[in-house]
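# An overview of the molecular structure
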Amino acid sequence: MTSPMFEKIALVGIGLIGSSLARVIRREGLARHVAISTRSAATLKRAEELGLGDSYTTDARVAVRDADLIIVSVPVGSSGAVAQEIAPALKPGAILTDVGSTKASVIAQMQPHVPDGVHFIPGHPLAGTEKSGPDAGFADLFDNRWCIFTPVPGTDAGALERLSEFWRRCGANIDTMDPQHHDMTLAIVSHLPHIIAYNIVGTADDLESVTKTEVIKYSASGFRDFTRLAASDPTMWRDVCLHNKDAILEMLARFSEDLAFLQRAIRWGDGDKLFDLFTRTRAVRRSIIEAGQDIDVPDFGRQAVEHPKGS
Ligand code: NAP
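In short, a report on the structure.

What counts and what doesn't
Residues numbered from 1 in each chain as written. Predicted model: local features only at pLDDT ≥ 70, side-chain atom pairs only at ≥ 80, totals over all residues. Heavy atoms only, no water. Helix = DSSP H or I, 4+ residues; strand = E, 2+ residues; numbered from the N terminus. Rg over C-alpha atoms; globule rule 2.2 N^0.38 Å. Buried < 20%, exposed > 50% of the residue type's maximum accessible area, 1.4 Å probe, protein only. Contact = heavy atoms within 4.5 Å. Areas by Shrake-Rupley, 256 points an atom, 1.4 Å probe, with all protein chains shown as cover. Lys, Arg positive; Asp, Glu negative; His and termini not counted. Charge placed at Lys NZ, Arg CZ, Asp CG, Glu CD. Phe/Tyr/Trp six-rings, centres within 6.5 Å; stacked < 30°, edge-to-face > 60°. Near = heavy atom within 4 Å. Polar contact = N/O pair within 3.5 Å; in protein donor to acceptor, adjacent residues only side chain to side chain. Nonpolar A, V, L, I, M, F, W, Y, C, P; charged D, E, K, R; others polar. Axes fitted to C-alpha atoms, helices over the stretch in contact; angles between N-to-C directions. Left-handed = near helix turned anticlockwise from the far one by under 90°. Salt bridge = Lys/Arg side-chain N within 4 Å of Asp/Glu carboxyl O. Pairing = 2+ DSSP bridges. Right-handed = clockwise from strand over helix to strand, strands pointing away. Core = buried A, V, L, I, M, F, W, Y, C linked by side-chain atoms within 4.5 Å.

### Brief notes about the overall build of the protein
- Of regular secondary structure, the protein possesses 13 helices and nine strands.
- For 311 residues, the compact-globule estimate of 2.2 N^0.38 gives 19 Å, and the protein sits close to it at 21 Å.
- Across the 311 residues that make up the protein, the buried fraction comes to 41%.
- When contacts within the protein are restricted to residue pairs at least 6 apart in sequence, long-range pairs at least 24 apart make up 75% of them.
- Carbon and sulfur atoms form 55% of the exposed surface of the protein, whose accessible area is close to 16,500 Å².
- Of the side chains in the protein, 33 bear a positive and 40 a negative charge, and the two mean positions are spaced by 3 Å.

Given below as C-alpha coordinates:
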(Lines give C-alpha, C1' and ligand atoms only; values in the text may rest on other atoms or scores of the structure.)
Protein backbone atom coordinates (compact mmCIF):
# COMPACT_ATOMS: atom_id res chain seq x y z
CA MET A 1 0.00 0.00 0.00
CA THR A 2 1.25 3.51 -0.84
CA SER A 3 1.64 5.97 2.06
CA PRO A 4 -1.56 7.83 3.02
CA MET A 5 -2.09 11.14 1.21
CA PHE A 6 -3.43 12.76 4.40
CA GLU A 7 -2.75 12.25 8.09
CA LYS A 8 -6.34 13.08 9.04
CA ILE A 9 -9.46 13.46 6.92
CA ALA A 10 -12.65 14.76 8.53
CA LEU A 11 -15.95 13.80 6.93
CA VAL A 12 -18.71 16.18 7.99
CA GLY A 13 -21.93 14.42 6.93
CA ILE A 14 -21.94 10.66 6.46
CA GLY A 15 -24.84 9.95 4.11
CA LEU A 16 -24.61 8.44 0.61
CA ILE A 17 -21.69 10.64 -0.47
CA GLY A 18 -19.84 10.90 2.86
CA SER A 19 -20.03 7.16 3.49
CA SER A 20 -18.95 6.34 -0.07
CA LEU A 21 -15.93 8.57 0.53
CA ALA A 22 -15.24 6.83 3.85
CA ARG A 23 -15.29 3.45 2.11
CA VAL A 24 -13.02 4.43 -0.78
CA ILE A 25 -10.61 6.30 1.53
CA ARG A 26 -10.21 3.09 3.54
CA ARG A 27 -9.92 0.85 0.48
CA GLU A 28 -7.25 3.07 -1.08
CA GLY A 29 -5.47 3.86 2.22
CA LEU A 30 -5.79 7.62 1.62
CA ALA A 31 -5.71 8.72 5.29
CA ARG A 32 -4.11 7.55 8.51
CA HIS A 33 -7.17 8.71 10.47
CA VAL A 34 -10.75 9.29 9.31
CA ALA A 35 -12.88 11.37 11.68
CA ILE A 36 -16.62 11.18 11.15
CA SER A 37 -19.21 13.66 12.28
CA THR A 38 -22.90 13.89 11.59
CA ARG A 39 -25.79 15.85 13.02
CA SER A 40 -27.83 13.05 14.61
CA ALA A 41 -26.82 10.44 17.17
CA ALA A 42 -28.75 7.78 15.18
CA THR A 43 -26.76 8.29 11.95
CA LEU A 44 -23.50 8.46 13.92
CA LYS A 45 -24.28 5.15 15.64
CA ARG A 46 -24.99 3.53 12.27
CA ALA A 47 -21.71 4.87 10.83
CA GLU A 48 -19.89 3.39 13.81
CA GLU A 49 -21.65 0.03 13.43
CA LEU A 50 -20.55 0.00 9.80
CA GLY A 51 -16.98 0.79 10.88
CA LEU A 52 -16.72 3.69 8.45
CA GLY A 53 -14.05 5.67 10.32
CA ASP A 54 -11.56 5.83 13.20
CA SER A 55 -13.35 8.36 15.43
CA TYR A 56 -16.96 9.48 15.70
CA THR A 57 -18.62 12.61 17.07
CA THR A 58 -21.76 14.68 16.66
CA ASP A 59 -19.59 17.77 17.23
CA ALA A 60 -18.19 18.77 13.82
CA ARG A 61 -15.64 21.07 15.50
CA VAL A 62 -14.06 18.08 17.24
CA ALA A 63 -13.90 16.10 13.99
CA VAL A 64 -12.19 18.85 11.98
CA ARG A 65 -9.56 19.70 14.62
CA ASP A 66 -6.07 18.91 13.20
CA ALA A 67 -7.58 17.56 9.96
CA ASP A 68 -5.61 18.16 6.74
CA LEU A 69 -8.65 17.59 4.55
CA ILE A 70 -12.24 18.38 5.52
CA ILE A 71 -15.06 17.22 3.24
CA VAL A 72 -18.50 18.67 3.92
CA SER A 73 -21.25 16.37 2.58
CA VAL A 74 -24.51 17.85 3.84
CA PRO A 75 -27.57 19.25 1.98
CA VAL A 76 -26.53 22.47 0.20
CA GLY A 77 -28.89 24.62 2.28
CA SER A 78 -26.96 23.65 5.42
CA SER A 79 -23.45 24.34 4.12
CA GLY A 80 -23.28 27.92 5.47
CA ALA A 81 -24.23 26.89 9.00
CA VAL A 82 -21.73 24.02 8.93
CA ALA A 83 -18.93 26.33 7.67
CA GLN A 84 -19.70 28.83 10.42
CA GLU A 85 -19.61 26.09 13.04
CA ILE A 86 -16.32 24.48 12.01
CA ALA A 87 -14.41 27.64 10.95
CA PRO A 88 -12.74 28.39 14.34
CA ALA A 89 -11.47 24.78 14.59
CA LEU A 90 -9.86 24.57 11.13
CA LYS A 91 -6.09 24.11 10.99
CA PRO A 92 -4.05 26.62 8.93
CA GLY A 93 -2.99 24.94 5.68
CA ALA A 94 -5.95 22.54 5.72
CA ILE A 95 -8.01 21.94 2.57
CA LEU A 96 -11.74 22.50 3.02
CA THR A 97 -13.99 21.14 0.28
CA ASP A 98 -17.61 20.14 -0.23
CA VAL A 99 -19.62 17.90 -2.53
CA GLY A 100 -22.75 20.01 -2.94
CA SER A 101 -24.83 19.77 -6.11
CA THR A 102 -25.01 23.56 -6.54
CA LYS A 103 -21.91 25.72 -6.45
CA ALA A 104 -22.55 29.50 -6.55
CA SER A 105 -24.83 29.27 -3.52
CA VAL A 106 -22.45 27.02 -1.58
CA ILE A 107 -19.56 29.42 -2.24
CA ALA A 108 -21.68 32.39 -1.11
CA GLN A 109 -22.63 30.52 2.05
CA MET A 110 -19.25 29.01 3.00
CA GLN A 111 -16.53 31.37 1.79
CA PRO A 112 -17.22 34.24 4.22
CA HIS A 113 -16.49 31.89 7.14
CA VAL A 114 -13.24 30.40 5.81
CA PRO A 115 -10.28 31.59 7.93
CA ASP A 116 -7.11 32.93 6.28
CA GLY A 117 -4.64 30.16 5.51
CA VAL A 118 -7.33 27.52 4.91
CA HIS A 119 -7.68 26.41 1.27
CA PHE A 120 -11.36 26.39 0.36
CA ILE A 121 -11.97 24.44 -2.87
CA PRO A 122 -15.64 23.85 -3.77
CA GLY A 123 -16.29 20.53 -5.51
CA HIS A 124 -19.06 18.34 -6.85
CA PRO A 125 -18.73 14.64 -7.70
CA LEU A 126 -21.26 13.81 -10.43
CA ALA A 127 -22.08 10.45 -8.93
CA GLY A 128 -25.01 9.28 -6.90
CA THR A 129 -28.06 7.13 -6.56
CA GLU A 130 -31.59 7.76 -5.29
CA LYS A 131 -30.64 6.27 -1.91
CA SER A 132 -29.44 8.16 1.15
CA GLY A 133 -27.81 7.55 4.52
CA PRO A 134 -24.62 5.71 5.57
CA ASP A 135 -25.88 2.28 4.44
CA ALA A 136 -26.37 3.53 0.88
CA GLY A 137 -22.72 4.33 0.13
CA PHE A 138 -20.26 2.11 -1.72
CA ALA A 139 -16.57 2.39 -2.54
CA ASP A 140 -17.03 2.26 -6.34
CA LEU A 141 -19.48 5.16 -6.51
CA PHE A 142 -16.98 7.58 -8.04
CA ASP A 143 -15.39 5.15 -10.51
CA ASN A 144 -15.06 6.82 -13.91
CA ARG A 145 -17.42 9.63 -12.83
CA TRP A 146 -16.57 13.33 -13.04
CA CYS A 147 -15.64 15.49 -10.09
CA ILE A 148 -15.98 19.18 -10.93
CA PHE A 149 -14.11 21.87 -9.01
CA THR A 150 -15.23 25.49 -9.12
CA PRO A 151 -12.18 27.22 -7.61
CA VAL A 152 -12.55 30.69 -6.14
CA PRO A 153 -10.13 33.46 -7.26
CA GLY A 154 -6.68 33.12 -5.68
CA THR A 155 -6.92 29.35 -5.12
CA ASP A 156 -3.56 27.78 -4.27
CA ALA A 157 -2.46 25.64 -7.23
CA GLY A 158 -0.72 23.11 -4.98
CA ALA A 159 -3.83 22.58 -2.83
CA LEU A 160 -5.98 22.19 -5.94
CA GLU A 161 -3.60 19.58 -7.35
CA ARG A 162 -3.55 17.71 -4.03
CA LEU A 163 -7.34 17.59 -3.91
CA SER A 164 -7.46 16.56 -7.58
CA GLU A 165 -5.07 13.69 -6.86
CA PHE A 166 -7.25 12.64 -3.91
CA TRP A 167 -10.34 12.43 -6.15
CA ARG A 168 -8.40 10.63 -8.87
CA ARG A 169 -7.42 8.02 -6.30
CA CYS A 170 -11.14 7.76 -5.42
CA GLY A 171 -11.69 6.78 -9.06
CA ALA A 172 -12.95 10.09 -10.47
CA ASN A 173 -11.95 12.18 -13.48
CA ILE A 174 -11.38 15.88 -12.79
CA ASP A 175 -12.75 18.98 -14.45
CA THR A 176 -12.78 22.63 -13.39
CA MET A 177 -15.19 25.39 -14.37
CA ASP A 178 -16.63 28.57 -12.97
CA PRO A 179 -19.53 28.16 -10.53
CA GLN A 180 -22.15 29.84 -12.75
CA HIS A 181 -21.28 27.57 -15.66
CA HIS A 182 -21.43 24.55 -13.35
CA ASP A 183 -24.87 25.56 -12.10
CA MET A 184 -26.23 26.10 -15.63
CA THR A 185 -24.79 22.80 -16.88
CA LEU A 186 -26.09 20.84 -13.91
CA ALA A 187 -29.50 22.46 -14.25
CA ILE A 188 -29.95 20.70 -17.59
CA VAL A 189 -28.11 17.40 -17.00
CA SER A 190 -29.30 16.73 -13.45
CA HIS A 191 -31.72 19.19 -11.90
CA LEU A 192 -34.28 19.38 -14.72
CA PRO A 193 -34.46 15.57 -15.18
CA HIS A 194 -35.19 15.21 -11.47
CA ILE A 195 -37.84 17.94 -11.55
CA ILE A 196 -39.48 16.35 -14.61
CA ALA A 197 -39.43 12.97 -12.85
CA TYR A 198 -40.93 14.41 -9.65
CA ASN A 199 -43.60 16.07 -11.80
CA ILE A 200 -44.59 13.07 -13.92
CA VAL A 201 -44.70 10.72 -10.93
CA GLY A 202 -46.79 13.31 -9.07
CA THR A 203 -49.16 13.61 -12.05
CA ALA A 204 -49.60 9.84 -12.26
CA ASP A 205 -50.18 9.70 -8.52
CA ASP A 206 -52.96 12.33 -8.86
CA LEU A 207 -54.77 10.60 -11.77
CA GLU A 208 -58.25 9.39 -10.99
CA SER A 209 -59.12 7.62 -14.27
CA VAL A 210 -56.11 5.29 -13.99
CA THR A 211 -55.80 3.47 -10.69
CA LYS A 212 -52.60 3.39 -8.62
CA THR A 213 -52.52 -0.40 -9.03
CA GLU A 214 -52.46 0.00 -12.82
CA VAL A 215 -49.68 2.61 -12.63
CA ILE A 216 -47.56 0.15 -10.68
CA LYS A 217 -48.59 -2.99 -12.60
CA TYR A 218 -47.75 -1.51 -16.02
CA SER A 219 -44.83 0.67 -14.87
CA ALA A 220 -42.21 -1.14 -16.99
CA SER A 221 -43.62 0.69 -20.03
CA GLY A 222 -41.45 3.71 -19.18
CA PHE A 223 -42.89 5.13 -15.98
CA ARG A 224 -40.62 3.17 -13.64
CA ASP A 225 -37.50 4.80 -15.03
CA PHE A 226 -38.84 8.15 -13.82
CA THR A 227 -39.71 6.68 -10.42
CA ARG A 228 -36.06 5.96 -9.67
CA LEU A 229 -35.16 9.65 -10.00
CA ALA A 230 -38.36 10.68 -8.22
CA ALA A 231 -37.36 8.51 -5.25
CA SER A 232 -34.34 10.77 -4.58
CA ASP A 233 -33.88 12.41 -1.21
CA PRO A 234 -36.54 15.13 -0.65
CA THR A 235 -34.30 17.32 1.55
CA MET A 236 -31.41 17.26 -0.91
CA TRP A 237 -33.65 18.09 -3.88
CA ARG A 238 -35.63 20.77 -2.08
CA ASP A 239 -32.30 22.46 -1.36
CA VAL A 240 -31.04 22.04 -4.94
CA CYS A 241 -34.22 23.71 -6.29
CA LEU A 242 -33.98 26.58 -3.81
CA HIS A 243 -30.22 27.08 -4.32
CA ASN A 244 -30.02 26.88 -8.11
CA LYS A 245 -33.22 28.79 -8.72
CA ASP A 246 -32.15 31.05 -11.61
CA ALA A 247 -30.49 28.36 -13.74
CA ILE A 248 -33.35 25.92 -13.14
CA LEU A 249 -35.99 28.51 -14.07
CA GLU A 250 -34.03 29.33 -17.24
CA MET A 251 -33.86 25.65 -18.25
CA LEU A 252 -37.52 25.08 -17.34
CA ALA A 253 -38.52 27.96 -19.64
CA ARG A 254 -36.60 26.42 -22.55
CA PHE A 255 -38.02 22.99 -21.73
CA SER A 256 -41.57 24.37 -21.78
CA GLU A 257 -41.00 25.98 -25.21
CA ASP A 258 -39.69 22.71 -26.62
CA LEU A 259 -42.58 20.80 -25.08
CA ALA A 260 -45.02 23.19 -26.76
CA PHE A 261 -43.26 22.46 -30.09
CA LEU A 262 -43.72 18.73 -29.49
CA GLN A 263 -47.34 19.23 -28.46
CA ARG A 264 -48.00 21.17 -31.68
CA ALA A 265 -46.35 18.50 -33.84
CA ILE A 266 -48.55 15.84 -32.24
CA ARG A 267 -51.71 17.97 -32.57
CA TRP A 268 -51.07 18.65 -36.29
CA GLY A 269 -49.92 15.12 -37.08
CA ASP A 270 -46.45 16.33 -38.09
CA GLY A 271 -44.73 12.93 -38.09
CA ASP A 272 -41.55 14.24 -39.72
CA LYS A 273 -40.88 16.63 -36.84
CA LEU A 274 -41.45 13.88 -34.30
CA PHE A 275 -39.29 11.40 -36.20
CA ASP A 276 -36.44 13.92 -36.58
CA LEU A 277 -36.43 14.75 -32.88
CA PHE A 278 -36.60 11.11 -31.79
CA THR A 279 -33.72 10.24 -34.15
CA ARG A 280 -31.59 13.08 -32.75
CA THR A 281 -32.26 12.05 -29.14
CA ARG A 282 -31.45 8.40 -29.85
CA ALA A 283 -27.98 9.52 -30.94
CA VAL A 284 -27.51 11.31 -27.60
CA ARG A 285 -28.07 8.00 -25.80
CA ARG A 286 -25.46 6.33 -28.01
CA SER A 287 -22.93 9.07 -27.19
CA ILE A 288 -23.46 8.56 -23.46
CA ILE A 289 -22.76 4.84 -23.79
CA GLU A 290 -19.71 5.51 -25.95
CA ALA A 291 -18.41 7.98 -23.31
CA GLY A 292 -18.60 5.16 -20.72
CA GLN A 293 -21.23 7.03 -18.67
CA ASP A 294 -23.77 4.19 -18.90
CA ILE A 295 -23.94 0.62 -20.13
CA ASP A 296 -26.02 -0.76 -22.94
CA VAL A 297 -28.18 -3.28 -21.08
CA PRO A 298 -31.97 -3.61 -21.29
CA ASP A 299 -32.71 -2.52 -17.71
CA PHE A 300 -31.05 0.89 -18.14
CA GLY A 301 -28.06 -0.30 -16.11
CA ARG A 302 -30.05 -0.60 -12.90
CA GLN A 303 -28.71 -4.04 -11.97
CA ALA A 304 -25.15 -2.91 -12.50
CA VAL A 305 -25.68 0.25 -10.46
CA GLU A 306 -27.37 -1.52 -7.57
CA HIS A 307 -24.81 -4.28 -7.30
CA PRO A 308 -21.52 -2.60 -8.11
CA LYS A 309 -18.36 -4.58 -7.71
CA GLY A 310 -16.81 -4.30 -4.26
CA SER A 311 -19.69 -2.36 -2.68
P1 NAP B 1 -27.67 12.04 2.67
O2 NAP B 1 -27.37 10.63 2.32
O3 NAP B 1 -29.10 12.43 2.93
O4 NAP B 1 -26.79 12.47 3.95
C5 NAP B 1 -26.86 13.78 4.44
C6 NAP B 1 -25.86 14.01 5.56
O7 NAP B 1 -25.97 15.39 5.93
C8 NAP B 1 -26.16 13.20 6.81
O9 NAP B 1 -24.96 12.96 7.52
C10 NAP B 1 -27.05 14.16 7.62
O11 NAP B 1 -26.96 14.01 9.01
C12 NAP B 1 -26.40 15.49 7.28
N13 NAP B 1 -27.36 16.60 7.41
C14 NAP B 1 -28.64 16.66 6.96
N15 NAP B 1 -29.18 17.84 7.26
C16 NAP B 1 -28.24 18.54 7.93
C17 NAP B 1 -28.22 19.84 8.52
N18 NAP B 1 -29.29 20.66 8.45
N19 NAP B 1 -27.08 20.23 9.14
C20 NAP B 1 -26.00 19.43 9.21
N21 NAP B 1 -25.98 18.19 8.67
C22 NAP B 1 -27.08 17.76 8.04
O23 NAP B 1 -27.16 13.04 1.54
P24 NAP B 1 -26.12 12.79 0.33
O25 NAP B 1 -26.85 12.15 -0.80
O26 NAP B 1 -24.88 12.18 0.86
O27 NAP B 1 -25.86 14.31 -0.11
C28 NAP B 1 -24.91 15.11 0.55
C29 NAP B 1 -24.48 16.24 -0.38
O30 NAP B 1 -23.97 15.65 -1.58
C31 NAP B 1 -25.60 17.18 -0.82
O32 NAP B 1 -25.11 18.50 -0.81
C33 NAP B 1 -25.90 16.77 -2.24
O34 NAP B 1 -26.32 17.88 -3.01
C35 NAP B 1 -24.54 16.25 -2.71
N36 NAP B 1 -24.60 15.24 -3.77
C37 NAP B 1 -25.52 14.25 -3.71
C38 NAP B 1 -25.56 13.29 -4.73
C39 NAP B 1 -26.61 12.20 -4.71
O40 NAP B 1 -26.90 11.60 -5.75
N41 NAP B 1 -27.18 11.88 -3.57
C42 NAP B 1 -24.64 13.34 -5.78
C43 NAP B 1 -23.66 14.35 -5.76
C44 NAP B 1 -23.64 15.30 -4.75
P45 NAP B 1 -27.99 13.16 9.90
O46 NAP B 1 -28.36 11.92 9.12
O47 NAP B 1 -27.18 12.87 11.12
O48 NAP B 1 -29.16 14.06 10.15
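### A short note on the packing of aromatic side chains
- If you walk through the whole model with that rule in mind, you get three aromatic pairs.
- When the ring of F6 is compared with that of F166, the centres are 6.0 Å apart and the planes differ by 75°; the resulting orientation is edge-to-face. Here F166 lies in helix α6 (residues 157-169) and F6 lies in strand β1 (residues 6-12), a separation of 160 residues in the sequence. F166 carries the same exposure label as F6, and that label is buried.
- Arranged with centres 5.1 Å apart and planes meeting at 85°, the rings of F142 and W167 form a pair that is edge-to-face.

### As for the site of the ligand
- Around the ligand, 25 residues are found, and the nearest of them are T38, S40, T43, V74 and S101.
- A distance of 2.9 Å separates an oxygen atom of the ligand from a polar side-chain atom of R39.
- Relative to its unbound accessible area of 910 Å², the ligand is 84% covered by the protein chains.
- Of all the elements in the fold, those that place two or more residues in the shell around the ligand are α1 (16-28) and β7 (123-125).
- When grouped by side-chain class, the residues that make up the shell around the ligand number 10 nonpolar, 14 polar and one charged.

### What about the packing of helix α7 (residues 179-206) against helix α9 (residues 223-230)?
- Contact geometry of α7 with α9 gives a least axis separation of 8 Å together with a crossing angle of 115°. The element α7 and its partner α9 pack so that their crossing is left-handed. Contact with α7, carried on its side by P193, H194, I196, A197, Y198, I200, V201 and A204, involves F223, F226, T227, L229 and A230 of α9 and no other residues of that element.
- Tallied by class, residues from the contact of α7 with α9 come to 11 nonpolar, two polar and no charged.

### What about the pattern of salt bridges?
- Under the counting rule described, the total for this entry stands at 19 salt bridges.
- The partner of R32 in a salt bridge is E7, with the nearest N and O atoms 3.1 Å apart. Of this pair, R32 sits in strand β2 (residues 31-37) while E7 is found in strand β1, placing the two residues 25 residues apart along the sequence.
- Of the charged contacts, one joins D294 and R285 as a salt bridge, the two residues approaching to 3.1 Å between their closest N and O atoms.
- On the basis of relative accessible area, R285 is assigned to the partly exposed category, the value being 28%.
- Here the salt bridges do not stand alone but share partners, grouping K45, R46, E49 and D135 into one network.

### Remarks on the sheet that holds strand β3 (residues 55-57)
- With parallel pairing, six strands are arranged side by side in an open sheet as β3-β2-β1-β4-β5-β6. Either end of the sheet is taken by a strand with one partner, and the two such strands are β3 and β6 (119-121). Sheet twist, expressed as the average angle between the axes of neighbouring strands with direction ignored, equals 20°.
- With three bridges joining them, β2 and β3 adopt parallel strand pairing. Within β3, the position partnered with A35 by the bridge is S55.
- Relative to β1, α1 is tilted by about 160°, and along the sheet it contacts β1, β2 and β4 (69-72).

### A word on the pairing of β2
- Counting buried positions along β2 yields five of seven residues, so the element is predominantly enclosed.
- Examined bridge by bridge, β1 and β2 share six bridges and lie parallel to one another. Across the sheet, the residue bridging to L11 is I36, located in β2.
- Taken together, β1, α1 and β2 constitute a β-α-β crossover, and its handedness is right-handed.

### Description of the nonpolar core
- The biggest cluster of nonpolar side chains holds 38 residues, and the ones touching the most others in it are I9, L11, L21, I25, F142, F166 and W167.
- Every element with two or more residues in this core is listed here: β1, α1, β2, α2 (41-49), β4, β8 (146-149) and α6.
- Excluding residues that lie within four positions of it along the chain, L11 makes contacts with G18, L21, A22, I25, V34, A35, I36, S37 and I71.

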